[in-house]
Number of protein chains: 2
Amino acid sequence: MSRSGADLALLLLGGFRSLVDTATAELARRGYEDVRPVHDFAMRAIAAGAGNASELGRRLSVSKQAAAKTIAVLQERGYVTRGTDPRHARRMRLQVTPLGFEVLRTGEAIFDELRDQWERQIGTAQLESLETHLAALVGDQPVRFDTAGWMSRDLGEPV
Amino acid sequence: MSRSGADLALLLLGGFRSLVDTATAELARRGYEDVRPVHDFAMRAIAAGAGNASELGRRLSVSKQAAAKTIAVLQERGYVTRGTDPRHARRMRLQVTPLGFEVLRTGEAIFDELRDQWERQIGTAQLESLETHLAALVGDQPVRFDTAGWMSRDLGEPV
DNA sequence: AGTCAATGACATCCAGGTTGTCCAAGCAAG
DNA sequence: CTTGCTTGGACAACCTGGATGTCATTGACT
């Protein structure tokens, strides 16, 4: 039975959502209730060197204003701090706090557990080939995170 | 090189976005400029039998109010009509218009072309195994479409 | 000094979504 | 026949992650 192109897209979305939704839920269960995927990705980018709002925006393919908003909530929640760059008075110097790193580590652990689960379901070789082929198809273009809304609310049955 | 669980999620998202973004852009190029993925999916559900707002909401895992909003724009754009059920005065009877079906067909064609392209890139057997395994992993749980925002705006470089 | 580019702040708008409240129909049961 | 439950729909207020547009500051380069 050959699947349509649209089905393929749905499959990819379904896989992504399945991973991310359960990861978010699990993160909440472990005590980080207010972390959304977008926060995780943003922290990751900051930890990887995005030191200011504009740069973060660039890495996430998002406007600097949007990045600034995310930074604001991250800071409010205590996951990042924004000292000032001593050399450039006006520029922030973002840093992930220990608490932030805690979230990052926990998130990674959860994702890895989920991956392991998948691996047990279809086999090591299969999962690896899936990843390899997908990587070949997607290339290394940056993933856009302009995903307003759906990454932000908690799940649960809608009315 | 073994990939982390988070990378896997990113890969899936990347694949989905790659398909959907180019499909949307191509749809616009062919004259349907105001169609967003969410509209396509909603029309698909309506064509498949979702005859009223509540039902549509259920199929998309979205509140009936949200479904009603989508229906409103679909109707305004002329893609669906909402006659009244003769037996249940208050209930809508949604129908996809010929124009709507045109969009659906075009969309399908585009998605299939993209799938073909992928098939040429990694091979028929590879793509099929990718789909099979992914389907096994995702199962047949409905995909949630509560994706406010990111499916809606047109692409283009952010400031 | 004078211009230019870039950071970030502020304010306004948008698109999907969520609640919550309310009304109108049907339907079942007393 | 009335009472009450359930379901579809409308309306309103609000949220979130985005986009724009404008502006002041600042550092760099001429």
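So, here's what we can say about the structure.

1. Here we look at the relation of the copies chain A and chain B
(1) Moving on: Rotating chain A by 180° and moving it 0.0 Å along the rotation axis overlays it on chain B with an RMSD of 0.0 Å. Here the copies are linked by what is in effect a two-fold axis.
(2) Moving on: By residue overlap, the copies meet face to face through one surface: 98% of the interface positions of chain A are interface positions in chain B.

2. Digging into the packing of helix H1 (residues 5-29) of chain A against helix H6 (residues 124-138) of chain B
(1) Moving on: Interaxial distance between H1 of chain A and H6 of chain B falls to 10 Å at its minimum, and their mutual angle equals 45°. On the basis of their axis angle, the class for H1 of chain A and H6 of chain B is oblique. In this structure, H1 of chain A crosses over H6 of chain B, and the sense of that crossing is left-handed. Only Leu127, Glu131, Leu134, Ala135 and Val138 of chain B of H6 of chain B make contact with H1 of chain A, whose side of the interface consists of Leu8, Leu11, Leu12, Gly14 and Gly15 of chain A.
(2) Moving on: Of the residues contributing to the contact of H1 of chain A with H6 of chain B, the split by class is seven nonpolar, two polar and one charged.

3. Observations regarding the interface of chain A and chain B
(1) Moving on: Counting from both sides, the interface comprises 51 residues of chain A and, opposite them, 50 residues of chain B.
(2) Moving on: Summing both sides of the interface, chain A and chain B together bury roughly 5200 Å²; the carbon and sulfur share of this comes to 74%.
(3) Moving on: The largest contributions to the chain A side of the interface with chain B come from Leu8, Leu137 and Arg144 of chain A, which together make up 13% of the buried area.
(4) Moving on: Taken together, the connections running from chain A to chain B amount to zero salt bridges.
(5) Moving on: Inspection of the chain A/chain B interface yields two residue pairs in polar contact (both at pLDDT 80 or more).
(6) Moving on: Elements supplying a minimum of two residues to the side of chain A that touches chain B: H1, helix H2 (37-47), helix H5 (98-122) and helix H6 (124-138) of chain A.
(7) Moving on: Here the element with the most residues in the side of chain A that touches chain B is H1 of chain A; it accounts for 15 residues.
(8) Moving on: A class-by-class count of the residues in the side of chain A that touches chain B yields 28 nonpolar, 13 polar and ten charged.

Rules used throughout
Each chain has its residues counted from 1, following the order in which its sequence is written. A letter from A marks each chain and a number from 1 marks each ligand, given out in the order of writing. Two thresholds apply to this predicted model, a pLDDT of at least 70 for residue-level local features and 80 or more for giving and counting side-chain atom pairs, whereas whole-chain, interface and lining totals are computed over all residues. Water and hydrogen atoms play no part in the side-chain values, which are based on all heavy atoms of the structure. Copies overlap after least-squares fitting; the atoms used are the C-alpha atoms of residues with pLDDT of at least 70 in both. Any two residues whose heavy atoms approach within 4.5 Å at even a single point are treated as in contact. Note on geometry: axes are C-alpha line fits, over the in-contact stretch for helices, and angles between N-to-C directions span 0 to 180 degrees. Only DSSP runs of H or I covering at least 4 residues are called helices, and only runs of E covering at least 2 are called strands; the numbering of each starts at the N terminus. The labels follow the angle: roughly parallel below 35 degrees, roughly antiparallel above 145, roughly perpendicular from 65 to 115, and oblique for the rest. Each crossing gets its hand from how the near helix is turned against the far one by less than a right angle, where anticlockwise is left-handed and clockwise is right-handed. In this classification, the charged set is Asp, Glu, Lys and Arg, the nonpolar set is Ala, Val, Leu, Ile, Met, Phe, Trp, Tyr, Cys and Pro, and all remaining amino acids, among them Gly, are polar. Buried surface area refers to the total accessible area, computed with a probe of radius 1.4 Å, that the two partners give up upon joining, counted for both partners together. Each salt bridge in this description consists of a side-chain nitrogen of Lys or Arg and a carboxyl oxygen of Asp or Glu lying within 4 Å of one another. Residues adjacent in sequence count toward polar contacts only when both atoms are side-chain atoms; beyond that, a polar contact is any pair of N or O atoms within 3.5 Å, and within protein one must be able to donate a hydrogen and the other to accept it.

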